[in-house]
Amino acid sequence: MADQIQIQTTNQDLQEPMAEIMPNVITAMSYLLQRVSESNDNLSQKQRISNFHGLTKPSISVRSYLERIFKYANCSYSCYIVAYIYLDRFVKKQPFLPINSFNVHRLIITSVLVSAKFMDDLCYNNGYYAKLGGISIEEMNMLELDFLFGIGFELNVAVSTFDNYCSFLKREMMMLIKMKSLFLEPSLSFRSSFKTKLLMNPHEEDSLSTHHNKKQLAAA
């Protein structure tokens, strides 16, 4: 609880400066999630079908979907970082449910919903998030419960973990800007980094680098 309060306080202090860079952080997150989901589409290993799995790939891109959530969810900036951490935890605890193009959208909307409920004093209800995510409220309720069980109800995030993920996403954002890739396709050298990991944090306790060669979110 103390860590949660400290994260909320830190987020309030950074609200103005973060307002300028947060759209680019969202872009960096979308690239990371898009690349890891596309890589996992080609996994030969057996993957378990879950309630997050759609019958077809959504026509909306991960970037457009995240930007839509960012525009209309009105949750604090810290929620998106925490949601990303939750996704990392989910992948670690559910090794047979890697993020792919069939489940990434549902995982995103659910992780943001869970994060907003835990982090913010006020947030929209499940019905609102269901409309925002393009699913029914019944499905939203079911996905929320599945996600909570999927991460073992581990909602607390240490301040050090939060700071490490913030630093990583800011580095990725700066790399995209430097390579002028916010509106262009990343270079081959940049794309290759997505083949092995999603996060580069040697001190993160949620590291997934030990999961063989599986293409997942990784805080290694």
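In this report, the structure presented in the accompanying data block is examined. (Residues numbered from 1 in each chain as written. Predicted model: local features only at pLDDT ≥ 70, side-chain atom pairs only at ≥ 80, totals over all residues. Heavy atoms only, no water.)

### Details of the environment of Q34
- Within the secondary structure, Q34 is located in helix 2 (residues 15-41).
- The spacing of Q34 and V62 is 28 residues in sequence and 6.0 Å in space, taken between C-alpha atoms. (Helix = DSSP H or I, 4+ residues; strand = E, 2+ residues; numbered from the N terminus.)

### Brief notes about the nonpolar core
- Core analysis: the largest hydrophobic core is formed by 57 residues, its most contacted members being L33, I69, Y80, Y129 and F147.
- Only helix 2, helix 3 (62-72), helix 4 (77-93), helix 5 (104-119), helix 6 (126-133), helix 7 (137-150) and helix 8 (159-178) provide two or more residues apiece to this core.
- Among the elements that take part in this core, helix 4 stands out by supplying 12 residues, more than any other. (Core = buried A, V, L, I, M, F, W, Y, C linked by side-chain atoms within 4.5 Å. Buried < 20%, exposed > 50% of the residue type's maximum accessible area, 1.4 Å probe, protein only.)

### Description of the packing of helix 3 against helix 6
- Where helix 3 contacts helix 6, the two axes come as close as 10 Å, and the packing angle between them is 145°. Taken as a pair, helix 3 and helix 6 cross one another with a handedness that is right-handed. Here Y65, R68, I69 and Y72 of helix 3 lie close against helix 6, whose contacting residues are Y128, K131, L132 and G133.
- Tallied by class, residues from the contact of helix 3 with helix 6 come to five nonpolar, one polar and two charged. (Axes fitted to C-alpha atoms, helices over the stretch in contact; angles between N-to-C directions. Left-handed = near helix turned anticlockwise from the far one by under 90°. Contact = heavy atoms within 4.5 Å. Nonpolar A, V, L, I, M, F, W, Y, C, P; charged D, E, K, R; others polar.)

### Things to note about the side chain of E144
- Mapping E144 onto the fold places it in helix 7.
- Beyond its immediate sequence surroundings of up to four residues, E144 is in contact with T110, L113, V114, K117 and N126.

### Describing the pattern of salt bridges
- Within the structure shown, the criterion is met by six salt bridges.
- K93 is paired through a salt bridge with E154; the nearest N and O atoms lie 3.0 Å apart. Separated by 61 residues along the polypeptide, K93 in helix 4 and E154 in the loop between helix 7 and helix 8 bring together distant segments of the chain.
- Judged by its relative accessible area of 36%, K93 falls in the partly exposed class.
- Among the salt bridges present, the one from K117 reaches E144, with a minimum N-O distance of 2.9 Å. You can see K117 sitting in helix 5 and its partner E144 sitting in helix 7, a full 27 residues away along the chain.
- Residue classification places K117 among the partly exposed positions, given a relative accessible area of 37%. (Salt bridge = Lys/Arg side-chain N within 4 Å of Asp/Glu carboxyl O.)

### Details of the side chain of Q94
- In this fold, Q94 is placed in the loop between helix 4 and helix 5.
- With relative accessibility at 18%, the residue Q94 sits in the buried group.
- A distance of 3.1 Å separates a polar atom in the side chain of Q94 from the backbone oxygen of G150.
- Filtering out sequence-adjacent residues up to four positions away, Q94 remains in contact with R48, F149 and G150. (Polar contact = N/O pair within 3.5 Å; in protein donor to acceptor, adjacent residues only side chain to side chain.)

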